[in-house]
Amino acid sequence: MAAPLLGMGRSALEQWAEQHGQAAFRGRQLHDWLYAKGVRSLDQVSVLPKAFREQLASQPPEGAADWIGRSRELHRSVARDGTTKLLLGTHDRLSLETVGIPAEGRLTVCVSSQVGCPMACRFCATGKGGLQRSLAVHEIVDQVLCVREVMEQRPSHVVFMGMGEPLLNIEAVLAAIDCLCTDLGMAQRQITVSTVGVARTLPQLAELALQRLGRAQFTLAVSLHAPDQTLREQLIPTAHAYPIEALLEDCRRYVALTGRRVSFEYILLGGLNDQPRHAKALAQLLRGFQSHVNLIPYNPIAEEEFQRPTPAAVDAFRLSLQDQHVAVSVRASRGLDADAACGQLRRRLESSLEPVHSPA
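Residues numbered from 1 in each chain as written. Predicted model: local features only at pLDDT ≥ 70, side-chain atom pairs only at ≥ 80, totals over all residues. Heavy atoms only, no water.

(A) Quick look at the confidence of the model for the chain. The pLDDT averaged across the chain works out to 92; a share of 92% of its residues lies at or above 70. This model gives residues 356–360 a pLDDT under 50, and the stretch forms 13 contacts once residues within four places in sequence are excluded. (pLDDT = per-residue confidence, 0-100. Contact = heavy atoms within 4.5 Å.)

(B) Here's a closer look at the sheet that holds strand β7 (residues 157–160). One open sheet holds the 10 strands; their spatial order is β1-β2-β3-β4-β7-β8-β9-β10-β11-β12, and the pairing between them is mixed. Of all strands in the sheet, those with a lone pairing partner are β1 (72–78) and β12 (328–330), marking the two edges. When strand polarity is set aside, the average angle formed by the axes of neighbouring strands in this sheet is 20 degrees. By the bridge criterion, 3 bridges tie strand β11 (residues 291–297) to β12 in an arrangement that is parallel. (Pairing = 2+ DSSP bridges. Helix = DSSP H or I, 4+ residues; strand = E, 2+ residues; numbered from the N terminus. Axes fitted to C-alpha atoms, helices over the stretch in contact; angles between N-to-C directions.)

(C) Geometry of the packing of aromatic side chains. This model, assessed by the stated rule, comprises 5 aromatic pairs. An angle of 50 degrees between the planes, with centres 6.0 Å apart, marks the rings of W16 and F52 as tilted. Pair noted here: W16 is in helix α1 (residues 10–19) and F52 is in helix α3 (residues 50–57), with a separation of 36 residues, a long-range link. The burial state of W16 is the same as that of F52; both residues are buried. (Phe/Tyr/Trp six-rings, centres within 6.5 Å; stacked < 30°, edge-to-face > 60°. Buried < 20%, exposed > 50% of the residue type's maximum accessible area, 1.4 Å probe, protein only.)

(D) Structural context of the environment of Q188. Checked against the element boundaries, Q188 lands in the loop between α5 (170–182) and β8 (191–195). In this structure the C-alpha to C-alpha distance between Q188 and D178, which are 10 residues apart in sequence, comes to 8.6 Å. Beyond its immediate stretch of four places on either side in the chain, Q188 contacts I177, C181, L213, R215, A216, Q217 and F218. Separated by 3.1 Å, the side chain of Q188 and the backbone oxygen of R215 make a polar contact. (Polar contact = N/O pair within 3.5 Å; in protein donor to acceptor, adjacent residues only side chain to side chain.)

(E) Representation of the environment of M151 within the structure. Mapped onto the fold, M151 is located in helix α4 (residues 137–151). Between the C-alpha atom of M151 and that of T83, which follows or precedes it by 68 residues, the distance is 9.6 Å. Sequence-distant contacts of M151, defined by excluding residues within four places in its chain, comprise G82, T84, G100, P102 and L107.

(F) Examining unusual backbone geometry more closely. Positioned with a positive phi, R93 is a non-glycine residue whose angle comes to about 65 degrees. In the Ramachandran plot, E152 falls in the positive-phi region, its phi being about 50 degrees despite a non-glycine side chain. Turning to its location among the elements, E152 is positioned in the loop between α4 and β7.

(G) Representation of the pattern of salt bridges in the model. Across all of its chains, the model carries 14 salt bridges by this definition. A salt bridge links E139 to R133; the shortest N-O distance between them is 2.7 Å. Across this residue pair, the class does not change: E139 and R133 are buried. Among the salt bridges present, the one from E265 reaches R331, with a minimum N-O distance of 3.0 Å. Separated by 66 residues along the polypeptide, E265 in strand β10 (residues 262–268) and R331 in the loop between β12 and α11 (344–349) bring together distant segments of the chain. Exposure remark for E265: the relative accessible area of 4% places this residue in the buried category. Linked by salt bridges that have partners in common, R40, R70, D142 and E149 make up one network. (Salt bridge = Lys/Arg side-chain N within 4 Å of Asp/Glu carboxyl O.)

(H) Focus on helix α6 (residues 202–213). Compared with an ideal rise of 1.5 Å per residue, which puts 12 residues at 16 Å, α6 spans 16 Å between its outermost C-alpha atoms and is within 8% of the ideal. Within the span of α6, buried status applies to L202, P203, L205, A206, L208, A209 and L213. As for α6, its buried residues are in contact with α5, β8, β9 (219–223) and α8 (244–258). Of the residues trailing α6, G214 is marked for its positive phi of about 85 degrees. (Expected span 1.5 Å × (residues − 1).)

(I) Here's a closer look at the pairing of β11. Counting buried residues along β11, 7 of its 7 residues qualify, which places the element largely inside the surrounding structure. What you see with β11 is no split at all: S291, V293, L295 and P297 on one side and H292, N294 and I296 on the other are buried throughout. Both β10 and β11 contribute to a ladder of 7 bridges, which runs parallel. Its bridge partner being in β11, S263 is matched across the sheet by H292. Between β10 and its parallel partner β11, the chain crosses via helix α9 (residues 276–285), and the hand of that crossover is right-handed. The handedness of the β11 to β12 crossover, carried by helix α10 (residues 311–323), is right-handed. (Right-handed = clockwise from strand over helix to strand, strands pointing away.)

(J) Highlighting the nonpolar core. Among the nonpolar cores identified, the biggest contains 102 residues, and F123, F160, I177, F218, F264, V293 and L321 are the most heavily contacted of them. The element best represented in this core is α5, accounting for 9 residues. When near neighbours in sequence (up to four residues on either side) are disregarded, F123 contacts H225, L235, I236, I267, L269, Y298, I301 and F306. (Core = buried A, V, L, I, M, F, W, Y, C linked by side-chain atoms within 4.5 Å.)

Right under this line is the structure:
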């Protein structure tokens, strides 16, 4: 089945060119125009014969509007700190979010792996609308190109922390990581894959990463958000089928297979899971584990009444973990004035949007 060109590597593009009656060097030219130039349509690839471009335009691939596979920008939201959230439109009229997060000397792109999400975490706006479908490789890679284009800066890091559960789309996520590293020149250590936990998938992720990428050097970030099973089930409905003890055992197997430590994400919800007893319980839960805890102050969403923790509570939680010899950091909140929480922009604007621009 024909697929869009975005996401293909150099050798695959050479083979594609030859299969369409062109010399292999046409594939190398396409590779340069796709990844270095960020072309949006074949019409822009002026080095290709015009007749060939016209022939391809009349026979688009399945699963994309054209052979390149770029998305349309539907809306752009820029916060005072420069954080830029893009709402992108797919070929089948769905929408997804991606975010560019600038900092001194770096630009992180937060990418989505699915349109919507089936995990239904209570604190997440994305899960409120359920799952539409998983994203294809070209739709994931395109998010990085879109942020690069809009912010006029080469991304330094990519985090799979946008819409969706990456472990429910493992093959496409790993293929996208391969493309980001091989074709866009990133390093695996600049990439983070975040998961709330899907039963029996972490060892599979490790094995597939070693097969597909040769090594698994990206960071695995596991969303805990609670130090015990009862509270975790209140926040993450799917956790009832995946006890926290089983999740941690899979994390240990992942560490054994890859040799990489696991990062644990913990959203601090004011008055609910941010008290000293929760910090003590979390430290006990992770004792002896090769890990790092990333504390995330909650970004409020309209559908829930959870409260953002006070700065004092955040600092006390951090210090408590440090005192118990747990490696810990606090994620700086970005874009709070521009629908910061994942899925907010999409839910607020999806029904009324027209594209900012279409592919040229």
